[in-house]
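Here is what each chain is made of, one letter per residue.
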Amino acid sequence: MGLVVQKFGGTSVGSVEKIHHVANRVIQEKERGNDVIVVVSAMGKTTDELVRLAGEMTSRPEKREMDMLLTTGEQMSISLLSMALQNRGYKSTSLTGWQAGIRTEAVFSNARITDVKTERVKGLLNEGRVLVVAGFQGMDENGEITTLGRGGSDTTAVALAAALRADRCDIYTDVDGVYTTDPRYVKGARKLTAVSYDEMLEMANLGAGVLHPRAVEFAKNHQITLTVRSSMEEVEGTIIEEDAPMEGNLVVRGVAFDQGIVRMTVVGLQDELIGMSSVFTVLADNHIDVDIIIQSKTDTGKVNLSFSIKEAALHEALEVLEQHREQIGFDQIEHESGLAKVSIVGSGMVSNPGVAAKMFSVLASNGIQMKMVSTSEIKVSALVDMEKMQDAAQILHDSFSLSELAAGQA
Ligand code: ADP
Ligand code: ASP
Ligand code: MG
């Protein structure tokens, strides 16, 4: 007998019928003789609706209140699923994140899990109960309720799987696996049999919303094999593990894209070193993630520093940089909104230096202007205008022949 952690996302628990269907899948696993922990998200678009409601109160809600509000979504799903299981004669207990022992750092809206206290969960499992745990939430050392960032229920599932040394962690969702790119937007997207942790981490960080990046990070650090699979159909999913074999001779494994990116430029840094380190320290202290960074010297000898951040962080970034104007020492801040990032990912790139060149020339020859670019050993990214994002993704997917493996070879 083993321990299985199953996670069902918002669409998978989007209605009463779907919750009953999830109960069936849980029972199936239980009947195989396994202990089961089920992590669920809020029903359907509940979280978006709660965000919208908050916006009706104020344009800048405090993050603490947002977390208080958003965590109610998951609390609905756990109780309903637990009732559905009990109705079928199974012993089950619903647990909020904090009841399930999920401890986080003291940060609202995007907290990292620091620890999982497993005593209570272990005790309940020993009683033969199915545990239904609310994803996306935890509690910090001050007893405050925190959330893990949008899509964070995946991370709750993997963290529990790691802490309890589960035999399997299955992420059930509305697609039947990880594809070469988002099948909702790109024609010819192909399901992958296996993806390595590193590639999946890049894809997730670069916008492939199918998995929360921190879930992949946890899985890699604790060597938990993840399976992404359909909550609706009984088909094989995609395995995420340490070494996923390369398919055919494809150097690029996937294309990811992300919208809502802003390019900020701090113009006229008086002192290059002090200025640069202060800018990034101030942003990091305020938990604002910076992505692509470019620095350039102006004719007057001053330095301009450009970097990209998420649109959602723009207000805060402008505010905190202004607050530290004197310490940083700059003339002004400019920003350009309405950008998107399109990236190609694949561990085979390390040994194929021509990949970035090919990506840039393909985009350029299709009239897609690149505003900023960045490369690493396993990815190349370019910022493009938002309106060009989908075209760029399609062009790259086609140019790197990602649809083309014969069936059965994937
Ligand atoms: P859940 O509510 O189950 O967590 P999500 O909406 O967070 O589901 O994630 C599933 C969605 O991720 C899919 O519907 C798909 O549109 C999107 N997606 C983005 N990139 C990929 C990819 N490479 N492979 C599969 N799905 C992807
Ligand atoms: N309900 C949260 C969200 O919509 C968490 C999740 O779905 O994983 O982002
Ligand atoms: Mg998700």
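Refer to the structure presented above.
Structural notes, computed from the coordinates. Nothing here was measured: the structure is a model prediction, and the numbers come from that model. Residues take numbers from 1 onward in each chain, read along the sequence in its written order. Chains carry letters from A onward and ligands carry numbers from 1 onward, assigned in written order. For this predicted model, a pLDDT threshold of at least 70 governs which residues receive local features, and a threshold of 80 or more governs which side-chain atom pairs are given and counted, while totals over whole chains, interfaces and linings are taken from all residues. Hydrogen atoms and water are omitted, and side-chain values are computed over all heavy atoms in the structure.

1. Thoughts on the site of ligand 1
Step number 1: By convention in this text, a residue qualifies as near a molecule or strand provided that one of its non-hydrogen atoms is within 4 Å of it. For ligand 1, the set of nearby residues contains 17 residues, the closest of which are Thr173, Asp174, Tyr179, Asp182 and Arg184.
Step number 2: Pairs of N or O atoms are called polar contacts if they sit within 3.5 Å, as long as, within protein, a hydrogen donor faces a hydrogen acceptor (for residues adjacent in sequence, only side-chain-to-side-chain pairs). The separation between an oxygen atom of ligand 1 and a polar main-chain atom of Gly10 is 3.1 Å.
Step number 3: Thr173 has a polar side-chain atom sitting 2.6 Å from an oxygen atom of ligand 1.
Step number 4: Note on areas: Shrake-Rupley with a 1.4 Å probe; residue coverage comes only from the protein chains shown. Considered on its own, ligand 1 offers 570 Å² of accessible surface; in the complex 85% of this is hidden by protein.
Step number 5: Put simply, Ala, Val, Leu, Ile, Met, Phe, Trp, Tyr, Cys and Pro go in the nonpolar bin, Asp, Glu, Lys and Arg in the charged bin, and everything else, Gly too, in the polar bin. Its residues placed into classes, the shell around ligand 1 shows six nonpolar, seven polar and four charged.

2. Quick look at helix 3 (residues 63-87)
Step number 1: Taking 1.5 Å of rise per residue, 25 residues should cover 36 Å, and helix 3 covers 37 Å from first to last C-alpha, within 8% of that figure.
Step number 2: What helix 3 keeps buried is the set Met66, Asp67, Leu70, Thr71, Gly73, Glu74, Ser77, Ile78, Leu81, Ser82, Ala84 and Leu85.
Step number 3: Secondary structure elements are taken from DSSP: a helix is a run of H or I of four residues or more, a strand is a run of E of two residues or more, and numbering for both begins at the N terminus. One or two positions beyond helix 3, positive phi appears at Gly89, with a value near 90°. Take the residue count of a helix, subtract one, and multiply by 1.5 Å to get its expected span. A 1.4 Å probe rolled over the protein chains alone gives each residue an accessible area, and that area as a share of the maximum for its type sets the label: buried under 20%, exposed over 50%, partly exposed in between.

3. Regarding the packing of aromatic side chains
Step number 1: To pair, rings of Phe, Tyr and Trp, with the six-membered ring standing in for Trp, must have centres within 6.5 Å; the planes then decide the type, stacked if under 30 degrees apart, edge-to-face if over 60, and tilted in the middle. A full pass over the atoms with the stated rule returns three aromatic pairs.
Step number 2: With 4.6 Å between their ring centres and 10° between their planes, Phe8 and Tyr172 make a pair best called stacked. Of this pair, Phe8 sits in strand 1 (residues 3-8) while Tyr172 sits in strand 9 (residues 168-173), placing them 164 residues apart in sequence. For the pair formed by Phe8 and Tyr172, the shared burial category is buried.
Step number 3: Seen from their ring centres, Phe280 and Phe307 are 5.8 Å apart, and the 70° between their planes marks the pair as edge-to-face.

4. Re the site of ligand 2
Step number 1: Surrounding ligand 2, one finds Ser41, Ala42, Thr47, Glu74, Phe136, Arg150, Gly151, Gly152 and Ser153.
Step number 2: Between a nitrogen atom of ligand 2 and a side-chain N or O atom of Glu74, the distance comes to 2.6 Å.
Step number 3: Take Arg150: an N or O atom from its side chain is 2.6 Å from an oxygen atom of ligand 2.
Step number 4: Counted by class, the shell around ligand 2 contains two nonpolar, five polar and two charged residues.

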